[in-house]
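Notes for the structure review
So the chains spell out like this:
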Amino acid sequence: MPADAIRQVLAAKADAMVRRSAETLAALLHDDFIYVNAGGTSFDKAGYIETYCTSGKVVFLEQKIDDLSVREFPGFTVATLTLHDRFSAAEHEIQSTYRSLCVFAEADGKWLWAAGQTMPAP
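Let us look at the structure shown here. Please read these numbers as outputs of a predicted model, since none were measured by experiment. (Residues numbered from 1 in each chain as written. Predicted model: local features only at pLDDT ≥ 70, side-chain atom pairs only at ≥ 80, totals over all residues. Heavy atoms only, no water.)

Some details on the sheet that holds strand β4 (residues 76–89)
Test applied: When DSSP finds two or more bridges between two strands, those strands count as paired. A helix here means a DSSP run of H or I that spans at least four residues, while a strand means a run of E at least two residues long, and both kinds are numbered starting from the N terminus. Whenever a helix is involved, its axis is fitted only over the stretch in contact; in every case the axis is a line through C-alpha atoms, and angles between N-to-C directions fall within 0 to 180 degrees. Here, two residues are considered to be in contact whenever any of their heavy atoms come within 4.5 Å of each other.
Across the sheet, six strands lie side by side as β2-β1-β6-β5-β4-β3; this open sheet has mixed pairing. Whereas interior strands pair on both sides, the edge strands pair on one side only; in this sheet they are β2 (42–44) and β3 (58–73). The sheet shows a mean angle of 20° between the axes of neighbouring strands, taken without regard to direction. Bridging between strand β1 (residues 29–36) and β2 involves three bridges; their strand directions are antiparallel. Residue pairing across strands places V36 opposite S42, the latter belonging to β2. Packed onto the sheet, helix α1 (residues 2–19) meets β3, β4, β5 (92–107) and β6 (110–120) and runs at close to 165° relative to β3.

Structure (structure tokens):
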């Protein structure tokens, strides 16, 4: 069932970011990955990994997933979810809740995160 697979990808992504494992994160992202963060900045795959995993600019301490809804389409899946993030940026610890839309592409029998947009939760 795609919902279970998508939940696993999202959990692995959160874990990779907390562990700052660029290799694990890279394996979960589609080569043509594109992401727009809550501040409106766009990232490609390399930029996302560098900003949120390796640079130390943003250091994730925890990311919890809630309210996951998954819809399957031929060859891709769309997920909406709530993220409860705790991270450090500019020497400040931040706890915040976001809504996120993620698109996953099926490739070689697995789901890869292909696109996403995050916004502050209402």
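Side note on the layout of surface pockets
Gaps left between atoms show up when a probe the size of a water molecule is rolled over them. Stated formally: With a 1 Å grid laid over protein atoms only, a set of points is called a cavity when a 1.4 Å probe fits there but cannot get out and a pocket when it is open yet has protein on both sides within 12 Å along at least five of seven lines; lining residues have an atom within 4 Å of a point. Grid points are joined across faces, edges and corners, and a volume is the space filled by probe spheres set on the points. Throughout this entry, Asp, Glu, Lys and Arg are counted as charged residues, while Ala, Val, Leu, Ile, Met, Phe, Trp, Tyr, Cys and Pro are counted as nonpolar. The remaining residues, Gly among them, count as polar.
Put simply, the largest pocket is a space of about 250 Å³. Along the wall of the largest pocket there are 18 residues; nearest its centre are Y35, N37, Y52, F60 and D85. Counting only elements with at least two residues in the lining of the largest pocket, the list comes to α1, α3 (45–54), β3, β4, β5 and β6. Taken together, the residues of the lining of the largest pocket break down into eleven nonpolar, five polar and two charged.

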